[in-house]
Each structure stands twice: as C-alpha cells, then as structure tokens.
Amino acid sequence: MDALGKNSLKFFALGGGNEVGRSCHILQFKGKTIMLDAGVHPAHQGYSSLPFYDEFDLSKIDVLLISHFHVDHAASLPYVMQKTNFQGRVFMTHPTKAIYRWLLRDFVRVTSIGVSSGGKDDNLYTDEDLAESFDRIETIDFHSTVDVNGIKFTAYHAGHVLGAAMFQIEIAGVRILFTGDYSRELDRHLNSAEVPTLPSDVHIVESTFGTATHEPRVNRERKLTQLIHSTVSRGGRVLLPVFALGRAQEIMLILDEYWTQHSDELGGGQVPIYYASNLAKKCMSVFQTYVNMMNDDIRKKFRDSQTNPFVFKNISYLRNIDDFQDFGPSVMLASPGMLQSGLSRDVLEKWCPEDKNLVLITGYSVEGTMAKFLMLEPDTIPSINNPEATIPRRCQIEEISFAAHVDFRENLEFIEKISAPNIILVHGESNPMGRLKSALLSNFASLRGSEQEVHVFNPRNCVDVTLEFNGIKIAK
Ligand SMILES: [Zn+2]
C-alpha cells in the first residue's frame, strides 16, 4: 500500500448493499479491518443465503461487531467462526449474546427441516458449531469502549430490539458510526437510539423505509387492537407472523394490556391469545432478566407492581401446533415472521381458506418471502410440504408496521444530528434507498461545493466506497 492508500478508508458490503438481508460490511483503514454484522438472507436457503464471503479474505479481519440478534444480522456468524479462515475477535452486547444462543439453535433446526425436504445437504452449520462459537464471543457493555490493537469501539443504544447496539468505531482519530437497525420513536419497553457525544466522519445508516412516513404510534396501536377485536368478534382467527423474539414482545405488551381492559368480552379464555414458538419460555426468561436494560417506563411498571411485565396474564405459550385445540376465535403469534416455513406457515395454510380470518403482518417483509407475496393478495398460495398443491387464500391480509425502524423524518433528523460529511446507505431495497439518497442530497444541497459538503453513497454489494482522510487527522 502506498502512502496515499494508507489514508484512504475503504468500505464495501458483502451483503446488505441495495437489499435487506445478509448484512455484512467491511471497513479498512490504516491497515485495520473491521467486519460489521454477519447475517443471512431470509428469502434464500443454505449457501445462497450467505453474504459474498468468497469475495474477501476473512483471515484479515481484526474485529467483528454484531449489532443485534436478528437473523439478517447474526445468523451466519457460526458459519464465519467455524467454517472459514476468520481468526478475529467477535463482540456483541450481553442481551444479544443471551438471545443469539437460543435463536440460532432454533434457526439450525428450521434450516435442517428445509434440507430434509429438499433432499440436499445444504446445512450451514450444526448445533456443535454454534456451541463452540458461543464460547468465543466477547460481550461489550453499553457506553463502554473497547480497544483492540488501536481499533476503539463504543456501543450505544439503538432501540429496535432488546440488546441492539450502534457502534462508534475510532481508528487513528477517524470516527465511523454504524447504526445497524435502529429506531427513534418511544417504545413500550426499549430505550430509543442515542446520539453519541463525539462527532462522526462517516455514518453508515440503514435505509429500510426510504422516504416513507410512519403513522404515529398511538394510531397504529389503536388500529391493531381494533382490527383484531373486530375479527375475533365475528368468530375469525387472527394470525400474527412474528419473529420469535424482539418485536413480538412489544405486540404482546399491547395485546395483554388491551385484553385486560376488555376482560368482560375477551378475557378469561373467551378469546385465547397464543404465543407459538419452541423458544417461548427460554426467550421470555431472557426478557425477564434484562428489564434493567429497558426504558424507564417499563422499569417503573416492574417496580410499582412488583410483578414482571413480561409475565403475561392473557397469553399462553404453545410449544408446537399439535397441542393446539383450534375451536372458535383466537389470536396466534407464531414464528417465523416472514412465513417461510415452520409454525406460522402451517397455521397460515390452515386458516387462509376462510374469509373471516385475518393475517396481520407487523414486521418488515423481505422481497422473495411468503409474507411479501401475501401483500399482493393472491387467490392461492403454494403449500410448503407439497409445492404442486395450491391452497385458496380468502382470508383478509393487513399490514400495520411495528418493525421499529426509523421512517424518513426520524432518519433525517438523526442524520442531521450526527452531521457526518460522509453517509453510506445500507439495509434497504434499491428503490427506497435511491429515493432516500436523492432526498438527503437535496436536503444538504446548500452545502454543495463548500467545506461542509455532504457525500451520500448507496453502493451495491462488493462495490468499494473509498474516502480519503489525508493529513487532517492525528493519531492519538
Ligand atoms: Zn433487525
């Protein structure tokens, strides 16, 4: 590398560039290499779900930081640690690590189910790989800084899901902020994303919702509860496909409270709510353990009532669908959230022929998944166990987002607060990301040509972004 090259910071995405899924980004500066996230793509299976790991020598990586436990950010980590020449150190927050363990065990199971029906051995890793990788993952506290051979990084609250972190990384005085997935709206249980005290030179930020605007939270909660209430009142069943953990707990807080307020009509088992996941018990214990990492509101409830707000009065756990007696109206939260396979898919196929039933999507649906396909309101859907067979779809399909990603206004406000001269957009489909880029460029148009000019990049996977930091920073 020449003298000039040593001052250039290189970014490129092995995944999550102009797409949502398989997030994995590489940063190189001053001879140091950092990897951000190691996800899979939820619309694909086996090796094709991985980031483009063949395009980079993973043995060069010094540090790998995982922002949160969602599969599109963390599920290829055991593969990286056990099946490649990666030798770096891996960091995540405590709750992320606690949940990661159970979640990925479930993920291994789900992917092996996919394999047995496909007939081809396409398993990315096994339970043993997962256990071995687990012991080598280091944890970082929020607001604490770790230094690995001159790479300093600090974890900040990101909102989104329990344990989710933004990382501010500092190498030789240049600071890079990686948001991961983040939210700024006040939540029932989470702290919202914070602005780090020190400024950043580079801001790597999600663009999931592009330039779209969310309805205020109170309206969405009211819509959600009214839609569910009216469906069960006319004898319908409601399926809420959810990711086993994270946003599901937020929906449960809303429903449990509503059921208590309307107990004469809904309570006492009149309309049961089920949380169907073989992870249910283990994951709820993680939530019950980490109440101290949540917002003041939920901690106050915890103190005042002396009972854990995650011990729900109106929700029962279902480990599998065989235990389920399907009589009369009910509400079912089942994973996975995009209906690719598993419990939620089985329930969908059972309930979708009836027009009085409702499928209510509350998460973000990735291109190529059944959840995304359902939004087109198809007349039929393919059966998972027999792809030649089709099932009529007459049930109602609705979407109310509780995905906890920033909308345009919240994203712009945060980007302005960070006020970095270089913005790199990731984690968004091409169109919303492109619209966000245009909106940001026109927002910062008055600075064009000045010292404070803001550069916005929306690179595709495996396309470099190179930024020069010649002589303006001094190593500390
Ligand atoms: Zn996420």
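Structure: above.
Here the structure is a predicted model, which is why all the values come from computation and not from measurement.

S.K.: An account of the pattern of salt bridges is requested, with residue identities and associated values reported.
M.R.: Per the stated rule, a full pass over the model turns up 19 salt bridges. The shortest N-O distance in the salt bridge between Lys83 and Asp129 comes to 3.3 Å. Of the two residues, Lys83 is situated in helix α3 (residues 77-83) and Asp129 in helix α5 (residues 127-135); the sequence distance between them amounts to 46 residues.

S.K.: Pulling in residues and values, what's your account of the coordination of the zinc ion?
M.R.: Surrounding the zinc ion are the protein donor atoms His68 (NE2), His70 (ND1), His160 (NE2) and Asp181 (OD), at 2.2 to 2.3 Å. Viewed at the metal, the four donor atoms of the zinc ion are separated by angles of 92 to 168°, and the geometry they form is irregular. Written as a sequence motif, the donor arrangement for the zinc ion is H-x1-H-x89-H-x20-D. Placement of His70 in the loop between β4 (63-65) and α2 (71-74) and of Asp181 in the loop between β10 (174-178) and β11 (202-206) is noted, with a sequence separation of 111 residues between them.

S.K.: Lay out the packing of helix α6 (residues 217-233) against helix α7 (residues 247-261) in plain terms, naming residues and giving numbers.
M.R.: The N-to-C vectors of α6 and α7 enclose an angle of 65°; their axes lie 11 Å apart at closest approach. Considering the relative orientation of α6 and α7, their crossing is right-handed. For the pair formed by α6 and α7, the contact residues are Arg217, Glu221, Leu224, Thr225, Ile228 and His229 on the first element and Glu250, Ile254, Leu255, Tyr258 and Trp259 on the second. Class assignment of the residues belonging to the contact of α6 with α7 gives a composition of six nonpolar, two polar and three charged.

S.K.: Requested: an account of the state of the cysteines, with residues and values cited.
M.R.: Throughout this description, disulfide means a covalent bond between two cysteine sulfur atoms. This model, assessed by the stated rule, comprises zero disulfides. Of the cysteine sulfurs around Cys24, a residue in no disulfide, the closest is that of Cys462, at 9.5 Å.

S.K.: Quick rundown of the layout of surface pockets? Include the residues and the values.
M.R.: Here the second largest pocket defines a volume of roughly 440 Å³. In terms of lining residues, the second largest pocket is bounded by 20 residues, among which Phe209, Ala212, Tyr364, Glu399 and Ser401 are the most central. Contributions of two or more residues to the lining of the second largest pocket are made by α6 and α14 (430-443). When grouped by side-chain class, the residues that make up the lining of the second largest pocket number six nonpolar, six polar and eight charged.

S.K.: Describe the packing of aromatic side chains, listing the residues and the values that go with them.
M.R.: When we look at a pair of aromatic rings, we describe it by the centre distance and by the angle of the planes. Counting across every chain of the model gives 13 aromatic pairs. On the numbers, 6.2 Å between centres and 85° between planes, the contact of Phe310 with Phe312 is edge-to-face. Like Phe310, the residue Phe312 is buried in the burial classification. A cation over an aromatic ring shows up here: Lys97 above the ring of Phe134, its NZ or CZ 4.7 Å from the ring centre. Above the plane of the ring of Trp102 lies Arg101, whose end atom (NZ or CZ) is 5.6 Å from the centre.

S.K.: Just give me the short version of empty space enclosed by the protein, but keep the residues and values in it.
M.R.: Under the criterion given, the structure shown has two cavities of 30 Å³ or more. Together, 14 residues line the largest cavity, and Ser183, Glu185, Arg220, Ala404 and His405 are the ones closest to its centre. What the second largest cavity holds in volume is close to 70 Å³. Every residue lining the second largest cavity is listed: Pro95, Phe142, His157, Ala158, Gly159, Val161, Leu162, Gly163, Ala164, Leu190, Asn191 and Met293. Considered class by class, the residues forming the lining of the second largest cavity number eight nonpolar, four polar and no charged.

S.K.: Tell me about the nonpolar core, and please be specific about residues and values.
M.R.: Core analysis: the largest hydrophobic core is formed by 68 residues, its most contacted members being Leu255 and Val331. Ranked by the residues each element gives to this core, the list is headed by α7, at eight residues. When neighbours within four sequence positions are excluded, Leu255 is seen to be in contact with Leu224, Ile228, Leu240, Ile273, Val331 and Leu333. Core analysis: the next-biggest nonpolar cluster, separate from the first, contains 33 residues, Ala38, Val40, Ala74 and Val90 among them.

Quick notes on the rules
Residues numbered from 1 in each chain as written. Predicted model: local features only at pLDDT ≥ 70, side-chain atom pairs only at ≥ 80, totals over all residues. Heavy atoms only, no water. Salt bridge = Lys/Arg side-chain N within 4 Å of Asp/Glu carboxyl O. Helix = DSSP H or I, 4+ residues; strand = E, 2+ residues; numbered from the N terminus. Donors = N, O, S within 2.8 Å, 3.2 Å for Na, K, Ca; no water. Tetrahedral: all angles 85-135°; square planar, octahedral: opposite > 155°, others 65-115°. Axes fitted to C-alpha atoms, helices over the stretch in contact; angles between N-to-C directions. Left-handed = near helix turned anticlockwise from the far one by under 90°. Contact = heavy atoms within 4.5 Å. Nonpolar A, V, L, I, M, F, W, Y, C, P; charged D, E, K, R; others polar. Disulfide = S-S within 2.5 Å. 1 Å grid on protein atoms, 1.4 Å probe; cavity = no way out; pocket = protein on both sides within 12 Å on 5 of 7 lines; lining within 4 Å. Points joined across faces, edges and corners; volume = space filled by probe spheres on them. Phe/Tyr/Trp six-rings, centres within 6.5 Å; stacked < 30°, edge-to-face > 60°. Buried < 20%, exposed > 50% of the residue type's maximum accessible area, 1.4 Å probe, protein only. Lys NZ or Arg CZ within 6 Å of the ring centre and 35° of its normal. Core = buried A, V, L, I, M, F, W, Y, C linked by side-chain atoms within 4.5 Å.

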